[in-house]
2 protein chains.
Amino acid sequence: MDHRGPAFSGLGHKVLTGMQSVFRTSGPVVIFPSSGTGAWEAALVNTLSPGDKVVMVETGHFASMWASMAGKLGLEAETIPTDWRRGADPAAVADRLDSDYNKSIKALCVVHNETSTGATTRVAEVRDAMNAVGHPALLMVDTISGLACADFRFDEWGVDVAISGSQKGLMLPPGLSFNAISEKALEASKTASLPRSYWAWEEMLEINKRGYFPYTPATNLLYGLAEAIEMLQEEGMDNVFARHRRHGEAARRAVAAWGLETQCVEKRDFSPVLTGVRLPDGHDADRFRATVLENFDMSLGNGLAKIAGRVFRIGHLGDFNDLMLIGTLSGIEMGLGLAGIPHQAGGVGNAMDFLKNNIKAVGRDEAA
Amino acid sequence: MDHRGPAFSGLGHKVLTGMQSVFRTSGPVVIFPSSGTGAWEAALVNTLSPGDKVVMVETGHFASMWASMAGKLGLEAETIPTDWRRGADPAAVADRLDSDYNKSIKALCVVHNETSTGATTRVAEVRDAMNAVGHPALLMVDTISGLACADFRFDEWGVDVAISGSQKGLMLPPGLSFNAISEKALEASKTASLPRSYWAWEEMLEINKRGYFPYTPATNLLYGLAEAIEMLQEEGMDNVFARHRRHGEAARRAVAAWGLETQCVEKRDFSPVLTGVRLPDGHDADRFRATVLENFDMSLGNGLAKIAGRVFRIGHLGDFNDLMLIGTLSGIEMGLGLAGIPHQAGGVGNAMDFLKNNIKAVGRDEAA
């Protein structure tokens, strides 16, 4: 399809309004031809000026990469550290912002679902904490792996900029990224002076009104996006979230049966998207992952940065059903045996028991 | 495929070295998950500092958009105007650079194939002109629509940064963009101070050495790219260029038979990629394009910016053969009749005569 032709605007309008419903916002959503990292950059360069201070809660590797990007773009990036085993702590956010007497912090950034650990941040509670201390910083939320898997409510939770990508809950190849934008963020963009062109919201929003894009969009992925949004709406977003929560619980029950520990230790923050699992001391998670890949052709996520070699990650997101989860868990259980990792069998059985006793959440095919 | 898994580096190395052969360079090529506009931005932010002066030869709409981007990024963009009916004039480049006594111009930017008009720039002559006046500016070349259609030789022609995209000569959907980088440009990037992160060459090149990317690549398009490079190598680059030149000539013979004028008037600059055609005064090219779309389901390129409504464009690039060209030309000839545009019939016949009397250039299937 000609992305400047008359038929294109139908597709353009469809995906732009569809993404508003996925983010649960009545405000604008923009779509970039880039991977999610680009939408991080877009969030920063559209709203901030050189030297502005931003605070990232370092809940894992992706939060720390975002902070590193902010530094490269000429911002002053400060991090609130964590032990990488939980989401952002709203009380720690409140403490930091409350001590910012001259309101020099311009944005507070959290990761909705930290892909490197398997912990979520309670975004609504973070917003409440910011409001409680009356701090005007923008709330930016990376929901690259969270969106369309875990409950996310842009307007209701008072998020100012949300960042996402095509390759997780939206079930597409990588290559599209998103910003959802609040009125306050849009207002900030009018005075923000970081240089920007590719990522600039203003021209994008102007041309989006007619269903087009200011430069060549990733047309083929937009077709896929229209279909993905339809699939999500057909299943119902609440059913999608329930399906992911249920798979997370089943995966954790398998991990518990094996006698292993999850990376996330804060129950309220358990991720419905993926589960990070720690191996016992003295056992290399990457060697275990290689055993599973070699014998069962399954690529488990690796531990990143400071938990490299300690952790492997089980993804249970997107276009995923009960039988795929059990297949995944069986590859891990067999791999633990082959690799000589101390564990008890029975994880697969435990997960099956949980799934068959809790069949309330229907899958896409049943809902259709 | 897991873009951090062991199998990925094979694909990564394959496309990175393959693209070096397409650009004809022994230096590095980087691949961004973005459309071509992003690679424009990458070329500028990696090599330049705020306030630096750049000169763009405004050969058409895309050159003028690139200049506009430079301004938004905090550079001082100056343009050398043209009548939009030819490529960049090497003598005009030499004149402008020669008058830059204090060498304040940091980059000279030209478009190899101007998609909005159908004119190419003789890049080697532009480099010679720069050398003749001894000016140290970087030579940046947008070959988004030129690469893998029209002859391009990065090293031999002394280009410093080349910009391209996946959706033209590389025959893929939009979503990948490229920079080829000279040693001089790489050296400039070490002191260039425009803020950058997503587009930063340094980290990209470091991680590319191992066949990986610093953030999520557009994996599915990389598979397609590996296949596209193989197709080009199978046909042979010189055959690919000859095929495009031959189709350009056939298209222009049709235009001449119709009694219409091509937008490009400089014979040496005729594009082998596309042909821009002017309608007689008083006839609206967009109305004509609508007639063709409605009756024959063919979307012709529109005239952009200052030639809107005056010009339509015939693309004859990428995965394209003789019969597709004749089909295209027949839609135009029938459309001219239906829309009541004054013309003579016989364009299709003229193109067929030329093609069958000049069958030296073999297509891909014959070469395989």
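Just so it is clear, the model here is predicted, and its values are computed rather than measured.

Engineer: Got a minute to help me understand the interface of chain A and chain B in this structure?
Structural biologist: The accessible area lost on association of the parts is a frequent measure of interface size. Tallying the contact residues gives 37 residues for chain A and 36 residues for chain B. When chain A packs against chain B, the two sides together hide about 2,700 Å² of surface, and 58% of this comes from carbon and sulfur. Linking chain A with chain B are 2 salt bridges. When the shortest N-O distance is used, the salt bridge between Glu203 of chain B and Lys72 of chain A registers 3.1 Å. Our enumeration of links across chain A and chain B arrives at 10 residue pairs in polar contact (both at pLDDT 80 or more). Those elements giving two or more residues to the side of chain A that touches chain B turn out to be helix H2 (36-47), helix H3 (61-72), helix H8 (219-235) and helix H10 (285-296) of chain A. In terms of residues, the side of chain A that touches chain B owes the most to one element, H3 of chain A, which gives 4 residues. Each residue belonging to the side of chain A that touches chain B can be placed in one class, and the counts come to 19 nonpolar, 11 polar and 7 charged.

Engineer: It is not clear to me how the domain arrangement of chain A should be interpreted in this structure. Could you clarify?
Structural biologist: Residues and elements named next belong to chain A. The domain boundaries assigned to chain A delineate domain 1 (8-234) and domain 2 (236-367). One C-alpha centre belongs to domain 1, the other to domain 2; they are set 27 Å apart. Counting residues at the interface gives 33 residues for domain 1 and 31 residues for domain 2. Summed over both sides, the interface of domain 1 with domain 2 buries roughly 2,700 Å², with 57% coming from carbon and sulfur.

Engineer: Quick question: what am I supposed to make of the packing of aromatic side chains here?
Structural biologist: The description of an aromatic ring pair rests on the distance of the ring centres and on the angle between the ring planes. If you walk through the whole model with that rule in mind, you get 23 aromatic pairs over all chains. Consider the rings of Phe152 of chain A and Trp157 of chain A, whose centres lie 5.6 Å apart with planes at 80°: the pair is edge-to-face. A relative accessible area of 13% means that Trp157 of chain A is categorised as buried. Summarising the aromatic geometry, the rings of Trp199 of chain A and Trp199 of chain B are spaced 5.4 Å apart at their centres and angled 20° between planes, so their arrangement reads as stacked. Note that Trp199 of chain A is positioned in the loop between helix H6 (183-189) and helix H7 (201-208) and Trp199 of chain B in the loop between helix H6 (183-189) and helix H7 (201-208), a pairing that runs across two chains. Residue Trp199 of chain A is classed as buried on the basis of its relative accessible area of 1%.

Calculation criteria
- Residues numbered from 1 in each chain as written.
- Chains lettered and ligands numbered in written order.
- Predicted model: local features only at pLDDT ≥ 70, side-chain atom pairs only at ≥ 80, totals over all residues.
- Heavy atoms only, no water.
- Contact = heavy atoms within 4.5 Å.
- Buried area = accessible area lost by both parts, 1.4 Å probe.
- Salt bridge = Lys/Arg side-chain N within 4 Å of Asp/Glu carboxyl O.
- Polar contact = N/O pair within 3.5 Å; in protein donor to acceptor, adjacent residues only side chain to side chain.
- Helix = DSSP H or I, 4+ residues; strand = E, 2+ residues; numbered from the N terminus.
- Nonpolar A, V, L, I, M, F, W, Y, C, P; charged D, E, K, R; others polar.
- Domains from an automatic or database assignment.
- Phe/Tyr/Trp six-rings, centres within 6.5 Å; stacked < 30°, edge-to-face > 60°.
- Buried < 20%, exposed > 50% of the residue type's maximum accessible area, 1.4 Å probe, protein only.

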